[in-house]
Amino acid sequence: MERRGPQINHLSFADDIIIFTSGRKHSLKLIMKTLATYERVSGQLINKAKSYFLLHPNAFRTTSDRIKKYTGFHQKHAPITYLGCPLFIGRPKLIYFSELINKIVDRITGWQSKILSYGGKATLIKHVLQSLPIHILSAISPPSSTIKQIQDIMADFFWGWKNDRKKYH
């Protein structure tokens, strides 16, 4: 976050919430009190097994222990995925987008490419495969190697294989 920019204390979408805190005892107690009030008023319980916190890699061990003690959450390391998009610090890396690439590969493996015509393959690529990354690509700019890998996977599916080798295209 920009130092002179707005001070954000939480991001929320439906039932996914990210809370930013200093990690001080008073702040943690206040957050847990607010969450307890939410549980009481709404009747919805917070799943502590699915809740976690992130710390800077150089943070003190005592800070981690304090947050675990007051929240009951588990520690997780970056990058994380929020609403299907990887959240990371620094430059985007190919590994952050491996989930998206796996999703595309999983879709392709479910289709019988030998049975499909080129028209059928083109329709599946245009209407299914190319729509999968739209959400992520509209929010985050992945490295060019990610885009290239997705294009290669789609081209290999379209042109197919012969004798365990890629067909020439």
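Scroll up to find the structure this text is about.
Source: prediction; values computed, not measured.

### Observations regarding helix H1 (residues 25-42)
- An ideal rise of 1.5 Å per residue puts 26 Å on 18 residues; H1 measures up with 26 Å between its terminal C-alpha atoms.
- The complete set of buried residues in H1 reads Leu 28, Ile 31, Met 32 and Leu 35. Around the axis of H1, the buried residues are gathered within 95 degrees of arc, so they sit on the same side. Exposed and oriented more than 90 degrees from the buried face of H1 are His 26, Lys 33, Arg 40 and Val 41.
- Its buried side turned inward, H1 meets strand S2 (16-19) and helix H2 (61-71).
- A positive phi of about 80 degrees marks Gly 43, the residue just after H1.

### Focus on the nonpolar core
- With 18 residues, the main nonpolar core has Ile 104, Ile 108, Ile 125, Leu 129, Ile 150 and Phe 157 as its most contacted residues.
- Those elements that place two or more of their residues in this core are helix H3 (98-110), helix H4 (118-127) and helix H6 (144-159).
- No other element matches the five residues that H6 contributes to this core.
- Leu 129 has contacts with Ile 104, Arg 107, Ile 108, Trp 111, Leu 124, Met 154 and Phe 157, leaving out every residue within four places of it along the chain.
- Among the nonpolar cores identified, the runner-up in size contains seven residues, and Leu 28, Ile 31, Met 32 and Phe 53 belong to it.

### Describing the pattern of salt bridges
- Overall, the coordinates contain two salt bridges when judged by the stated rule.
- The partner of Asp 152 in a salt bridge is Lys 148, with the nearest N and O atoms 2.9 Å apart. Residue Asp 152 and its partner Lys 148 are both found in helix H6; the two are separated by four residues, about one turn of the helix.

### Some remarks on the packing of H1 against H2
- In the contact formed by H1 and H2, the axes pass within 10 Å of each other and the chain directions differ by 25 degrees. If you check the angle between H1 and H2, you find them roughly parallel. Here the hand of the crossing between H1 and H2 comes out right-handed. Between H1, through Lys 25, Leu 28, Lys 29 and Met 32, and H2, the contact on the second element is made entirely by Arg 66, Ile 67, Tyr 70 and Thr 71.
- Partitioned by chemical class, the residues of the contact of H1 with H2 number four nonpolar, one polar and three charged.

What counts and what doesn't
- Here the residue index of a chain counts from 1 through its sequence in written order.
- Only residues with pLDDT of at least 70 are given local features in this predicted model, and only at 80 or more are side-chain atom pairs given and counted; all residues enter the totals for whole chains, interfaces and linings.
- Each side-chain value is worked out from all heavy atoms of the structure, with water and hydrogens disregarded.
- Secondary structure counts use DSSP, requiring at least four H or I residues in a row for a helix and at least two E residues in a row for a strand, with both numbered from the N terminus.
- Helix span, as expected, comes to 1.5 Å for every residue beyond the first.
- When a residue's accessible area, from a 1.4 Å probe over protein chains only, is under 20% of the maximum for its type it is buried; when over 50% it is exposed; and in between it is partly exposed.
- Within this analysis, the arc is defined by the directions that extend from the helix axis to the C-beta atoms.
- Should any heavy atoms of two residues lie within 4.5 Å, those residues are considered in contact.
- The criterion is simple. A nonpolar core is a set of buried Ala, Val, Leu, Ile, Met, Phe, Trp, Tyr and Cys residues joined through side-chain atoms within 4.5 Å.
- Take a side-chain nitrogen of Lys or Arg and a carboxyl oxygen of Asp or Glu: if they are within 4 Å of each other, that pair is a salt bridge.
- Axis angles are defined between N-to-C directions and span 0 to 180 degrees, where every axis is a line fitted to C-alpha atoms and, for a helix, only to the segment in contact.
- When an angle is under 35 degrees it counts as roughly parallel; over 145 it counts as roughly antiparallel; between 65 and 115 it counts as roughly perpendicular; any other value is oblique.
- Take the far helix as the reference: if the near one is turned anticlockwise from it by less than a right angle, the crossing is left-handed, and if turned clockwise, right-handed.
- For this classification, the nonpolar set comprises Ala, Val, Leu, Ile, Met, Phe, Trp, Tyr, Cys and Pro, the charged set comprises Asp, Glu, Lys and Arg, and every other residue, Gly included, is treated as polar.

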